[in-house]
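Residue-level listing of the chains:
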Amino acid sequence: MKAIRRFSVRPVLPEPLRPLSELARNLRWSWHPETRELFQTLDPEGWRAAGGDPLRLLGSVSAERLAALSEDRRFRRRLAAAADDLQDYLTGRRWYQERPPGLPAAIAYFSPEFGITAALPQYSGGLGILAGDHLKSASDLGVPLIGVGLLYRHGYFRQSLSREGWQQEHYPLLDPNELPLSMLREADGSPSRVALALPGGRRLLAHVWRAQVGRVPLLLLDSDVEENDHGERDITDRLYGGGSEHRLLQEMLLGIGGVRAVRTYCRLTGHPAPEVFHTNEGHAGFLGLERIRELAGQGVEFDAALESVRAGAVFTTHTPVPAGIDRFDRELVARHFGEDAELPGLDTGRVLDLGTESYPGGDPALFNMAVMGLRLAQRANGVSTLHGQVSREMFRGLWPGFDAEDVPITSITNGVHAPTWVAPEVFRLGSRQIGVSRAEDALTLGGSERWDSVAEIPDADIWELRRTLREQLVEEVRERLRAAWRERGAGTAELGWIDGVLDPDVLTIGFARRVPSYKRLTLMLRDRERLTQLLLDPERPIQIVVAGKAHPADDSGKRLVQELVRFADDPRVRHRIVFLPDYGMGMAQKLYPGCDVWLNNPLRPLEACGTSGMKAALNGCLNLSVLDGWWDEWYEPDFGWAIPTADGSGTDEERRDDLEAAALYELLTRQVAPRFYDRGPDQLPGRWIEMVRRTLATLGPKVLAGRMVREYVERLYGPAAAAQRALTPDAARELAEWKARVTAAWPAVAVDHVEAASDGPLNGTAELGSTLSLRVSVRLGELDPSDVEVQAVTGRVDTADRLTATTAFPLKPAAAPALDGRRLYEGPLTLDRTGPFGYTVRILPTHRLLAHGAELGLVATPAEVSGEAAGVLMR
């Protein structure tokens, strides 16, 4: 029989055990080993059955056991110590509090998904895990962040396999009362709610739930409110589910409702109001419109409000392809913004303009969330150096006339939260070497001096650690594989072979991620006979653990999963290659440490960053990857291998995959496996262990989310807060009027003539160190010299006369304007590099409140016939 109503009955803890409740509800336990060990001692079997979730565990411990523990003085001392430690963590001064004054009082961080812990399944993949790691590291560093997301009642799907290996999706219902959440309530105890207006006079209501992530509150909006109609109640049903209007309403609730939830939270708790709003990918982009509406309600005009909102906004793009961006039909968006719907005080046409693809190749009938995010943020970034380059090229249409390298999108390479992803055994080995406190600092703050001590750990200790972790992975894989086969319909009598799956002494390769086509799950199957030989090699065998989910609507991805599963089902190789269904954080935390090699073979440059290899590296696992994302930036042959790419324009897809798969097999055969199995007189693989050492010492401090968050604070949050403070209503109005005036006058701005005089002969060649005197004649029309900067731009010249690796510097006005309105600018140009060298000049708008010269998308450059040839060959 089915229950007609459901309750969550919470245990009543004896008074001496009350601190357990706070420890369970603050998600710091998910990355704090001592707290997890404390809960495990309550009931080791119950802890395992609860999946390592303290709240579930407390709900299952008997009253007799709790009564006994309340009388156990040793346990009470441990509990008091854990509670005191948490209090110190929450209130003590940390890195952020030791920074010079001027940093933002608070930052609001919006993301459609957050991967904090498997006990709060609100994530699908890398974007959510990154967001969770961002919050955790902000907490460790004392950064006053407020996280904002949606509470999905079904989370992302759970994955199983049919007998034929086809992916099947399951959507378990999540009860917020059984999750580590508390509902935000008003002073009278009633639930706090945010409301959005919908067309036709309807309303969308949402409750606000709070998860406490260390020092950081995470606010999650939930549309499952009784007053909502059935359709509105289901808005927050599934992560990345539903049709176009469903997704639009999710993103309106996340952005607009999220700002309102932040305001409510700050009002109720006294938390400082955010000065900076960070949008993690375009899904939350509507938050900027809500902030404009707030200012409009205070009498600020749209253009001035836009400038104020942009100043305090940061936008991070994660996609390297236009297909990865949410785009909506303009008419659908228009229907939801207007006098009878949301944001009635804002002009719908101005709202639509923010998301319009008004550039060559764009579709003016669509509303682009990333385009809106970029137009609503003065500061934007990609998530690796290579991805920054790709993003500048992809979005350069928003800044016409500028080379891609001048597009104002920077990059901050992602990092991972080491305390979450480093195996306890790895941490203990480091602690023995440098002490617990210094080891904790190494994982949160980085710094090479903390990681260099890895060099002093004996080879035997490192190798013993690696085998221990591999052995743990083997046990984990067998347990999960047995459960997976039972779900596929196999009986116990069929599964005896699983006891022989994997070998703790065999080179173990891991591959786990989402399964879009560009990540090429099945590249390893390109030559099945070759792969089989590698798996079954009598001298140097390899074994592979694979996991990953295809999007429920992606049948091509599901076919890739099935292809891999069917190969792994083959009795000849099934003891050497396995596919584990339902990849998630719990599995990942065992998988990364237990692998010797982490494989990544995406189509370059479609991997924005790819942080799984970072998590593996922190556990001494070596990377074998295409030079994409973060690996392109930090790869060195001392600690890993690069899979060559066949990305020439004349190589078709089939040929490219053949070539790159062949390169992968060659690396495994001739370099990876020999190095793992090459043992010295002490029976240790000395060269392999040295690569593990280099991975930890060199990559360790780089791949940390602590490093990443510090960069966000110093390079983006701090400047954004300063810009926000400078944009008073009067300053914002003045900036908006200046932009309008400059934009209107810009068609008359031109470079008329450029000439260069040399201190020696100049016939296409010049001596290093010689100087050119540049004289540039320009027309400014109705603009004043204070409105512009005339720059010389120098750099190397490629075969098409394009400047690369450029440097810009300003030229100075030389005299009063001529009678015809022309103005003369001049300045010295030192020839400071050898080889093909060139220069040009340009005119850019300039204003003290601009963050970047390209911000307006306006530039004037010489006509091709103007002036002298730009190239100078150095000798």
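Small disclaimer: the values here were computed from a predicted structure and weren't measured. All residue numbers here refer to positions counted from 1 along the written sequence of the relevant chain. Local features in a predicted model are, by the rule used here, given only for residues with pLDDT of at least 70; side-chain atom pairs are given and counted only at 80 or more, and totals for whole chains, interfaces and linings are based on all residues. The basis for every side-chain value is the complete set of heavy atoms in the structure, and neither hydrogens nor water enter the calculation.

**A short note on the overall build of the protein**
Phase 1: Looking only at helices and strands, the protein features 29 helices and 29 strands.
Phase 2: In summary, the protein has a C-alpha radius of gyration of 29 Å against a globular reference of 29 Å for 875 residues, a match within 12%.
Phase 3: Taken over the C-alpha atoms alone, the protein extends approximately 95 × 75 × 50 Å along its principal axes.
Phase 4: Across the 875 residues of the protein, 57% fall into the buried class.
Phase 5: Sequence-distant contacts, at least 24 apart, represent 73% of the contacts inside the protein between residues at least 6 apart.
Phase 6: On the protein, roughly 35,700 Å² of surface is accessible, and the fraction owed to carbon and sulfur atoms is 49%.
Phase 7: Residues scored as positive are Lys and Arg, those scored as negative are Asp and Glu, and His as well as the terminal groups of each chain are ignored. For this purpose, a charge sits on NZ of Lys, CZ of Arg, CG of Asp or CD of Glu. Across the protein, the 103 positively charged side chains and the 121 negatively charged ones have centroids separated by 4 Å. By definition, any uninterrupted DSSP run of H or I lasting at least four residues is a helix, any uninterrupted run of E lasting at least two residues is a strand, and each is numbered from the N terminus. Only C-alpha atoms enter the radius of gyration; for comparison, a globular chain is expected to reach 2.2 Å times N to the power 0.38, where N is the number of residues. Only protein chains enter the accessibility calculation, which uses a 1.4 Å probe; a residue whose area is less than 20% of its type maximum is buried, one above 50% is exposed, and one in between is partly exposed. For this analysis, residues touch if any pair of their heavy atoms sits within 4.5 Å. All accessible areas in this document rest on Shrake-Rupley with a 1.4 Å probe, and a residue is counted as covered only by the protein chains that are shown.

**Some thoughts on the sheet that holds strand 16 (residues 542–547)**
Phase 1: Strand pairing is assigned whenever DSSP detects at least two bridges linking the two strands. Reading across the sheet, the six strands line up as 17-16-15-18-19-20 and stay open at both edges, with parallel pairing between neighbours. A single partner strand is all that each edge strand has here, and the edge strands are strand 17 (577–580) and strand 20 (640–643). In this sheet, neighbouring strand axes are inclined to one another by 20° on average, regardless of whether the strands run parallel or antiparallel.
Phase 2: Pairing of strand 18 (residues 597–600) with strand 19 (residues 622–626) involves four bridges; the strand directions are parallel. Across the sheet, residue Trp598 finds its bridge partner in strand 19, namely Asn623. Axis lines are fitted to C-alpha atoms, over the contacting stretch for helices. Their N-to-C directions set the angle, which ranges from 0 to 180 degrees.

**Things to note about the pattern of salt bridges**
Phase 1: When a carboxyl oxygen of Asp or Glu lies within 4 Å of a side-chain nitrogen of Lys or Arg, that pair is called a salt bridge. Tallied over the full model, the rule gives 65 salt bridges.
Phase 2: Residue Lys739 pairs with Glu855 through a salt bridge whose shortest N-O separation is 3.2 Å. Of the two residues, Lys739 is situated in helix 29 (residues 729–745) and Glu855 in the loop between strand 28 (836–845) and strand 29 (871–874); the sequence distance between them amounts to 116 residues. Glu855 shares its class with Lys739; the two are buried.
Phase 3: Across the salt bridge formed by Arg822 and Asp752, the nearest N and O atoms sit 3.0 Å from each other.

**Observations regarding the packing of aromatic side chains**
Phase 1: Centre distance within 6.5 Å is the pairing criterion for rings of Phe, Tyr and Trp, where only the six-membered ring of Trp is used; planes under 30 degrees apart are then read as stacked, over 60 as edge-to-face, and the remainder as tilted. Tallied over the full model, the rule gives 20 aromatic pairs.
Phase 2: Consider the rings of Phe286 and Phe337, whose centres lie 5.3 Å apart with planes at 40°: the pair is tilted. Note that Phe286 is positioned in the loop between strand 9 (276–280) and helix 10 (287–296) and Phe337 in the loop between helix 12 (330–336) and helix 13 (348–354), a separation of 51 residues in sequence. Comparing Phe286 with Phe337 shows no difference in burial state: the two are buried.
Phase 3: With 5.2 Å between their ring centres and 70° between their planes, Trp630 and Trp631 make a pair best called edge-to-face. For the pair Trp630 and Trp631, one class covers both residues: buried.
Phase 4: Aromatic ring contacts, followed pair by pair, group Trp463, Trp641, Phe676, Tyr677 and Trp688 into a single cluster.

**Comments concerning the side chain of His207**
Phase 1: Residue placement: His207 occurs in strand 7 (residues 202–213).
Phase 2: Given the relative accessible area of 13%, His207 is considered buried.
Phase 3: Contact partners of His207, with chain neighbours within four places excluded, come to Met183, Pro191, Ser192, Arg193, Leu220, Leu221, Asp222, Asp224 and Val225.

**Details of the sheet that holds strand 27 (residues 823–830)**
Phase 1: Spatial strand order, 21-23-27-26: four strands in an open sheet with antiparallel pairing. Of all the strands in the sheet, the pair left with one neighbour each is strand 21 (750–758) and strand 26 (812–813).
Phase 2: Here two bridges tie strand 26 to strand 27, and the two strands are oriented antiparallel to one another. Opposite Pro813, over in strand 27, you have Tyr825 as the bridge partner.

**Comments concerning the nonpolar core**
Here is a general trend for soluble globular proteins: nonpolar side chains tend to be buried in one another's company.
Phase 1: In this structure, Leu507, Met524, Ile544, Leu624 and Trp688 are the most contacted members of the largest nonpolar core, which totals 109 residues.
Phase 2: Not counting the four nearest positions on each side in its chain, Leu624 is found in contact with Val597, Trp598, Leu599, Asn600, Trp641, Ile643, Leu664, Leu667, Leu668 and Val672. Side-chain atoms within 4.5 Å are what join buried Ala, Val, Leu, Ile, Met, Phe, Trp, Tyr and Cys residues into a set we call a nonpolar core.

**Focus on unusual backbone geometry**
Where the residue is not glycine, phi is negative for most of them; where a peptide bond is considered, it is trans in most cases.
Phase 1: Here the bond from Arg604 into Pro605 is cis, since omega is 5°, no more than 30 degrees from zero.
Phase 2: In this structure, Pro605 sits in the loop between strand 18 and helix 24 (612–617).
Phase 3: For Leu343, which is not glycine, the phi dihedral falls at a positive 55°.
Phase 4: You can see Leu343 is positioned in the loop between helix 12 and helix 13.
Phase 5: Backbone geometry places Gln683, a non-glycine residue, at a positive phi of 65°.
Phase 6: By the element assignment, Gln683 lies in the loop between helix 26 (653–677) and helix 27 (686–699).

**Some remarks on the side chain of Thr695**
Phase 1: In this fold, Thr695 is placed in helix 27.
Phase 2: The contacts of Thr695, once residues within four sequence positions are left out, are Ala617, Cys621, Leu622, Phe639 and Gly700.

**Overview of the confidence of the model for the protein**
Phase 1: This prediction gives the protein a mean pLDDT of 92; 96% of its residues lie at or above 70.
Phase 2: What pLDDT reports is the predictor's confidence in each residue, on a scale of 0 through 100. Overall, residues 865–875 carries pLDDT values under 50, and its contacts beyond four positions in sequence, including any with other chains, amount to 41 contacts.

**Quick notes on empty space enclosed by the protein**
Phase 1: A pocket, in this scheme, is an open set of points on a 1 Å grid over the protein atoms alone with protein on both sides within 12 Å along at least 5 of 7 lines, while a cavity is a set where a 1.4 Å probe fits but cannot get out; residues line either one if an atom lies within 4 Å of a point. Grid points are joined across faces, edges and corners, and a volume is the space filled by probe spheres set on the points. Counted under the stated rule, the structure contains eight cavities of 30 Å³ or more.
Phase 2: A volume near 300 Å³ is recorded for the largest cavity.
Phase 3: Lining the largest cavity are 23 residues, with Val426, Gly430, Trp451, Val454 and Leu696 positioned closest to its centre.
Phase 4: Secondary structure elements with two or more residues in the lining of the largest cavity: helix 17 (424–434), helix 18 (436–444), helix 19 (448–451), helix 20 (459–487) and helix 27.
Phase 5: Taken together, the residues of the lining of the largest cavity break down into 16 nonpolar, five polar and two charged.
Phase 6: Considering only enclosed or pocket space, the second largest cavity measures out at about 100 Å³ in volume.
Phase 7: In this structure, the second largest cavity is lined by 14 residues; those nearest its centre are Leu481, Trp485, Arg488, Asp569 and Phe579.
Phase 8: Those elements that place two or more of their residues in the lining of the second largest cavity are helix 20, helix 22 (555–569) and strand 17. By the convention adopted, Pro, Cys, Tyr, Trp, Phe, Met, Ile, Leu, Val and Ala count as nonpolar, Lys, Arg, Asp and Glu as charged, and the other residues, Gly among them, as polar.

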